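Okay, here's what each chain looks like letter by letter:
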Amino acid sequence: MKSLLSIENMSVPGRISNASLQIFPGEFVGLIGPNGAGKTTLLRAAMGMIPASGTSSLLAHKINVRPRHVAYLAQEREVVWPISVREVVALGRRAHPDSGGDDQARADAILQRMALDDFATRQIPDLSGGERARVLLARALAQGAPLLLADEPCAALDPIQSIRTAKLLHAEAGNGRAALATLHDLPLAARWCTRLLVIERGVIVADGAPDQILTPELCRRVFDISLTRHGQSWLLEE
Amino acid sequence: MKLILALATLCAGLTLMSLFVGSGNVALRETIWAYFGAGDPLVVLVMQELRLPRAALALLIGAALGFAGAAMQGFLRNPLADPGIVGTSAFAALGAVIALQTGIVALFPMALPLMALGGALISVLALLALAGRGARTTTLILSGVALSSAAAALVSLVLNLSPNPFAANEITFWMMGSLADRSFRHVSVALPILLLGAMLIWRSRKGLDALSFGEETALSMGVNVRRLRLQLILGTACLSGAATAVAGMIGFVGLVIPHLLRRVTGGMPSRLLLPAALGSGALILAADIAVRIILPGRDLKLGVLTALLGTPVFLHMVWKSRGRDT
Amino acid sequence: MRLRAVLLAGLWLAGAASGAAADPAQRVVSMNLCTDQLAMLLAAPGQLISVSYLARDARSSAMAEVAQNFDINHGLAEEIAFLRPDLVLAGRYTTRVTVDMLQRLGYRVEVFQPENTLDDIRTNLLQMGRALGREAEAERMAEEMQQTLLSLREAADDKPGPETAVYYSSGYTAGARSLGHDIVTTAGLQNIAPKLGLGASGILPLEALILSDADMVIRGASYQGYSRSEEMLRHPALERMLAAPRLTAETRPEWTCGTPLTLSAIHDLRAAAGLEPLE
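Residues numbered from 1 in each chain as written. Chains lettered and ligands numbered in written order. Predicted model: local features only at pLDDT ≥ 70, side-chain atom pairs only at ≥ 80, totals over all residues. Heavy atoms only, no water.

Inclusion rule: UniProt positions are given in the numbering used here, feature names are shortened, and annotations may be inferred rather than shown by experiment.
Chain A goes by ABC transporter ATP-binding protein in an unreviewed UniProt entry, where it is assigned to Falsigemmobacter faecalis. Here is the UniProt Function (unreviewed entry) comment for chain A, exactly as written: "Part of the ABC transporter complex HmuTUV involved in hemin import. Responsible for energy coupling to the transport system."

**Examining the sheet that holds strand β4 (residues 53-56) of chain A**
All names here are of chain A. This is how it is decided: Pairing between strands is defined by DSSP: at least two bridges between the two strands are required. Going along the chain from the N terminus, every DSSP run of H or I of four or more residues is numbered as a helix, and every run of E of two or more is numbered as a strand. Think of each axis as a best-fit line through the C-alpha atoms, taken over the contacting stretch in the case of a helix, with angles from 0 to 180 degrees between the N-to-C directions. Contact definition: two residues touch when any of their heavy atoms are within 4.5 Å.
With antiparallel pairing, the three strands of this open sheet are ordered in space as β2-β1-β4. Taken across any chain shown, the strands that pair with only one partner, and hence form the sheet edges, are β2 (16-23) and β4. On average, adjacent strands in this sheet sit at an angle of 10° to one another, irrespective of strand direction. Inspection of the sheet shows strand β1 (residues 5-12) paired to β2 by five bridges, in the antiparallel sense. Across the sheet, the residue bridging to Leu-5 is Ile-23, located in β2. Against the sheet, helix α1 (residues 39-47) makes contact with β1, β2 and β4, and its axis sits at roughly 115° relative to β1, the strand it touches most.

**Observations regarding the domain arrangement of chain A**
Residue and element names in this part refer to chain A. Spelled out, the test is: Segment limits for the domains were obtained from an automatic or database-derived domain assignment. As a working definition, buried area equals the accessible area (1.4 Å probe) given up by two parts on being put together, with both sides summed. Salt bridges, as used here, are contacts in which a Lys or Arg side-chain nitrogen is within 4 Å of a carboxyl oxygen on Asp or Glu. Any pair of nitrogen or oxygen atoms within 3.5 Å is treated as a polar contact; in protein, a donor-acceptor pairing is required on top of that, and neighbouring residues in sequence qualify only through side-chain atoms on both sides.
Assigned domains within chain A: domain 1 (1-69 + 145-210) and domain 2 (80-142). Each of domain 1 and domain 2 has a C-alpha centre, and the two are 22 Å apart. Across the contact, ten residues belong to domain 1 and twelve residues belong to domain 2. Together, the buried faces of domain 1 and domain 2 total about 1100 Å²; carbon and sulfur atoms form 63% of this surface. The largest share of the area that domain 1 buries against domain 2 comes from Arg-68, Leu-148 and Leu-168, three residues that together contribute 41% of it. Remark: the boundary between domain 1 and domain 2 carries one salt bridge. Of the charged contacts in the structure, one is a salt bridge between Glu-172 and Arg-113, with a shortest N-O distance of 2.8 Å. Our count for the contact surface shared by domain 1 and domain 2 stands at two residue pairs in polar contact (both at pLDDT 80 or more). The element best represented in the side of domain 1 that touches domain 2 is helix α5 (residues 159-174), accounting for four residues.

**Brief notes about the interface of chain B and chain A**
Counting residues at the interface gives 24 residues for chain B and 24 residues for chain A. Where chain B packs against chain A, one counts three salt bridges. Where chain B meets chain A, there are five residue pairs in polar contact (both at pLDDT 80 or more). Taken together, the elements giving at least two residues each to the side of chain B that touches chain A come down to α3 (41-76), α10 (205-211), α11 (215-220) and α14 (269-294) of chain B.

This is the structure we're talking about:
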């Protein structure tokens, strides 16, 4: 199977050293690691937003067609202009200039799927932080790219919305797409991601299914916590 | 679309009105004929060589300031950005004053708007270095205050050093702006650069929309952010530079009009550009008519009026943005 | 009220006393372009030790060459104090603070009103004569000037000359009650500014200037430094108006300050207007 993202020997001086990874259709990959480990830096480097050595397959596409291959949810959630939610999500379709009149329909479908249709006419600066985060995720999904890189898609969300968002990305992966998301909520990541990447001080130290890599030793060493599995769910303790 | 049409009609009406307002008492019929070249040659001269370029410049410069203001706000992601407030106009005036005082302009007329453009460019780059993109309002305004006062001081310095004792009188012109007694020469030196600036900004309007979500998101949406940034910097510098070179600093227009029109057009920066240009053109035309009616023959400065109109709006916006910075 | 009256009277007495100093001043410093010229015309050799820097500028001073023989000052209190003058000559519009400072330091400062009419020249000439202790010279010069002035005014009254507009840089004009107006009228020309209701120095919009259809336009003399205020003197519409058969002239440094030299500028203006010269 052809990978949707392939990073090889990527280094960012002082932040990331020699990271390599591949992402295939059907995967929801959680990028986990303590604060300052380099999660966001790795996503930015993969997108070509910061200078880095090594290669990212995304950069083979020209900037103007890149949105057809990858969508990106940035950590920056501030929007100063009074733009309506519907317009924001529709902007996600801008990368497909020749897709005809169904753009608004597709944008509306995403809004409905994310239960955002009640917000459609509200303006984005008037929304709460969590609502805004979901609208921006909706914009990224509306792009219809096979791959989504999301920087903290669950930050600022209340528990139920966190779970729904994780389930949504999981379902997207089920549809033959893929997502790579930085996550802080380990039980959530362990429950819904098909694969986890653990990054510690700029180095990817583990890569595999949650069951296999979330060993008590790794959790203690990297996060200084205890994470244990109980059936489908995971319990986090000091 | 309806808004654009309404604003365009307003501009057309005000342009027409501007052609009939002046210090000379000329009958309406005679004025009309004079625009077609008939009648007393002196009246023809006044209408065609004084009032016509004045009306044209009012429209052009207003539009340029509105366009530049809307673009700059989109670029810096801050509704308080305006060429006047962030110091771009002051630096443009500095460039123009240097061009005039060194006498380069006498040899090469385009030096006037080009040097002003250069000044404007320096100010935008300095602003980016000081405040950065998506700057907090306080940082943006503080940087603007610093840049404006530095440039204003340098303008005064250049004029004070001038061997011409009348040069010092010009400080008020450069600081407050006026369209009195401009000629088609001014139109012809400003127009090419204004068009270049407008084109650069018009071409980056889609990118401006994407930029609403920050540079990273814009890049992920297929916008070449580096090129966009360059286009916008150059575009706003062209517009405010050429406008200031021929009319002096006219503040607050690029701030007030986009702010008011945003309520109608919505927040999408691309949709604001044209209405902002037309609205500002109308405002300058109206202000220039007003200065001729309020104090005929006293050359009331245009910037005085726009500042009187603009300051309350500006203060209101500062007041509203207080919460966001903490 | 009474206290104020007493104070005013005291001030007047002090002023009168300073005006009539017993010994003529030996070290005179002038800090105003107009007092510079009157002083250079009247002072005894060695009596005047410094004039303002503007006096050497041929573009505004009618006596720039003579001024080369004097030291110059920039009108700063400190600079003037170091010259140890026993009399300082200042204009009414010389920086108030500087004059106050000099007076506080104990220097005698003689303040002159600006010359707004040709008759003011006589007044200032005589005041200068008294200040410098050169009353006789001043008297003689004033008398001579008065004769010329009379014959100029007689000639001017003969028949109305061409309608004239004065256009200085930045669009200023010589309104009624200005020296420029008196110069123009005494030369036998009719100044259009009063007709347009412009006071001492009003702004003459270019539009009004062109529509006035004046027979003669006197433009402010141009400085070398190209500037926006002078750009108006070269406005294409104005150039086109002047291209038609129309009399033109330029102002001269003699217009800036009223001195006996101003009369020669009036003679020249008559010549430029094609009026017959006086003997």
